[in-house]
Amino acid sequence: MSTDEYRRGTAVERERQQKQRPARGRYRGVLPVIYAIGFVMFTGVSLYIGPEPAFAVYLVTHVFYAGLIRADIKSLRGQGINWGASRHLWFGAAFALPFVAPAYYLYSGRVLRRENESRNLDD
């Protein structure tokens, strides 16, 4: 049989209940707050201390952004959203490019909205 009409058990019930919930990014809401804090720290350090410590702040915050983006994509993939190969690009770009975190925030919002609409579960 090609359908799961005759499957039974707690795992099947859990799958059915999980399909009813809207998809949500676990770390997506924290990303703009962390980005704003990192931007203020980078600006303050570069104005008052110098460029070398500002570069260190830049590196640390971007490693943190990349970790948050990776964890968020991993949680979304666990909810059934297919990212394909672009997940590697988002993660890699977050290390070096300054505006990847806000771009990811906007893009993931579009992906979540599209997925929830396809599931007929509007937020």
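Structure's up top.
Residues numbered from 1 in each chain as written. Predicted model: local features only at pLDDT ≥ 70, side-chain atom pairs only at ≥ 80, totals over all residues. Heavy atoms only, no water.

This part is about the nonpolar core. Core analysis: the biggest nonpolar cluster contains 18 residues, and Ile69, Ile81, Trp83, Trp90 and Tyr104 have the highest contact counts within it. Counting only elements with at least two residues in this core, the list comes to helix H2 (31-48), helix H3 (51-78), helix H4 (86-96) and helix H5 (100-118). Looking at which element gives the most residues to this core, the answer is H3, with six residues. With residues near it in sequence (within four places) discarded, Trp83 still touches Ile73, Leu76, Arg77, Trp90, Tyr104, Tyr107, Ser108 and Val111. (Core = buried A, V, L, I, M, F, W, Y, C linked by side-chain atoms within 4.5 Å. Buried < 20%, exposed > 50% of the residue type's maximum accessible area, 1.4 Å probe, protein only. Helix = DSSP H or I, 4+ residues; strand = E, 2+ residues; numbered from the N terminus. Contact = heavy atoms within 4.5 Å.)

Moving on: the packing of aromatic side chains. Geometry of an aromatic ring pair is reported as the spacing of the ring centres plus the angle between the planes. Under the criterion given, the structure shown has eight aromatic pairs. Arranged with centres 5.7 Å apart and planes meeting at 65°, the rings of Trp83 and Tyr107 form a pair that is edge-to-face. With Trp83 in the loop between H3 and H4 and Tyr107 in helix H5, this pair connects stretches of sequence that are 24 residues apart. Here Phe91 and Phe95 contribute two aromatic rings whose centre-to-centre distance is 5.1 Å and whose plane-to-plane angle is 75°, an arrangement assigned as edge-to-face. (Phe/Tyr/Trp six-rings, centres within 6.5 Å; stacked < 30°, edge-to-face > 60°.)

Taking 1.5 Å per residue, 18 residues should reach 26 Å; H2 reaches 26 Å between its end C-alpha atoms and fits that length. Within H2, the full set of buried residues consists of Leu31, Tyr35, Gly38 and Val45. With its buried residues spanning 105° around the axis, H2 presents them on a single face. For H2, exposure combined with an orientation more than 90 degrees from the buried face picks out Val40, Leu47 and Tyr48. Residues of H2 that are buried in the fold lie against H3 and H5. In the segment just after H2, Gly50 is the residue with positive phi, at about 150°. (Expected span 1.5 Å × (residues − 1). Arc of directions from axis to C-beta.)

Attention now goes to the side chain of Asp72. Turning to its location among the elements, Asp72 is positioned in helix H3. Despite being buried, Asp72 has no salt bridge partner; Arg28 is the closest side chain of opposite charge, sitting 5.9 Å away. In contact with Asp72, not counting residues within four places along its chain, are Gly25, Arg26, Tyr27, Arg28 and Tyr104. (Lys, Arg positive; Asp, Glu negative; His and termini not counted. Salt bridge = Lys/Arg side-chain N within 4 Å of Asp/Glu carboxyl O.)

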